[in-house]
Amino acid sequence: YLKTSPGQAEAYRSYLTTTAKKIFQEQMAATPSLLAWSSAEMQFNGTEPGSDFDFVGASVYAGPPPEASALTDAIAQKTAGMSAADLAKKLASMRTIVGTEILRQRAGTTAPAGLGDGDYRVIARVRVTPGMADEYYETAKTMAEPMMQARVAAGDLKSWSVWSRLFPAGAGTSYDALTVMSFTA
């Protein structure tokens, strides 16, 4: 979750659509477990506590994310024309990371790489009744997923997925799962 610095939203948006896209394409080629990357600009945050952010970035891995995912100088130089340290300084002037979480896909209509430039995502944060997580995710997989696959086939939406929140988690958090529907722009 990223908050842009005052007056930097357009510069950060430009960075995402040019440089960041190239960086992650190179990182995916170099890291087989990195399946997809996307970034989305928030259009409406609602009133959720802690929702003071402008952009959401997501990296999807096969299995758990690696301990460190530092950008190498070789990839930074190739894609941004500068060292990884200089790129980090540039990014720090444009935005601040205000939150991080780890999610696990539990059901879905497509692979995570199915999003395209300009697509819209509608995200619902779900609080699962304590003790009912297994039933919730089983229902998502066996009942909701086939219905959503039919909606995708009919062209009603581009994709649908359900994600369990692994970190942070627990009673002190505001949600346990995310439901994500994407639509073509």
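See the structure printed just above.
Procedures and definitions
- Residues numbered from 1 in each chain as written.
- Predicted model: local features only at pLDDT ≥ 70, side-chain atom pairs only at ≥ 80, totals over all residues.
- Heavy atoms only, no water.
- Axes fitted to C-alpha atoms, helices over the stretch in contact; angles between N-to-C directions.
- Helix = DSSP H or I, 4+ residues; strand = E, 2+ residues; numbered from the N terminus.
- Parallel < 35°, antiparallel > 145°, perpendicular 65-115°, else oblique.
- Left-handed = near helix turned anticlockwise from the far one by under 90°.
- Contact = heavy atoms within 4.5 Å.
- Nonpolar A, V, L, I, M, F, W, Y, C, P; charged D, E, K, R; others polar.
- Phe/Tyr/Trp six-rings, centres within 6.5 Å; stacked < 30°, edge-to-face > 60°.
- Buried < 20%, exposed > 50% of the residue type's maximum accessible area, 1.4 Å probe, protein only.
- Lys NZ or Arg CZ within 6 Å of the ring centre and 35° of its normal.

Quick look at the packing of helix H1 (residues 9-30) against helix H2 (residues 73-80)
Logical step 1: Relative orientation of the contacting elements H1 and H2 amounts to 140°, with a least axis distance of 9 Å. Comparing their axes, H2 and H1 come out oblique. H2 is crossed by H1, and the crossing has right-handed handedness. Facing Thr-19, Lys-22, Ile-23, Glu-26, Gln-27 and Ala-30 of H1, the residues of H2 in contact are Ile-75, Lys-78, Thr-79 and Ala-80.
Logical step 2: Here the contact of H1 with H2 is built from residues that sort into 4 nonpolar, 3 polar and 3 charged.

Brief notes about the packing of aromatic side chains
Logical step 1: Counted under the stated rule, the structure contains 5 aromatic pairs.
Logical step 2: Summarising the aromatic geometry, the rings of Tyr-12 and Tyr-15 are spaced 5.9 Å apart at their centres and angled 25° between planes, so their arrangement reads as stacked. Taken together, the positions of Tyr-12 and Tyr-15, both in helix H1 and 3 residues apart, correspond to about one turn of that helix.
Logical step 3: Judged by its relative accessible area of 4%, Tyr-12 is buried.
Logical step 4: Geometrically, the ring pair formed by Tyr-12 and Phe-55 is edge-to-face, given 5.0 Å between the ring centres and 80° between the ring planes. Here Tyr-12, found in helix H1, pairs with Phe-55, found in strand S3 (residues 55-61); they are 43 residues apart in sequence, far enough to count as distant.
Logical step 5: Judged by relative accessible area, which is 2%, Phe-55 ranks as buried.
Logical step 6: An aromatic cluster is built from Tyr-12, Tyr-15 and Phe-55, whose rings are joined through pairwise contacts.
Logical step 7: Of note, Arg-106 hangs over the ring of Tyr-137, and the distance from its end group to the ring centre comes to 4.2 Å.

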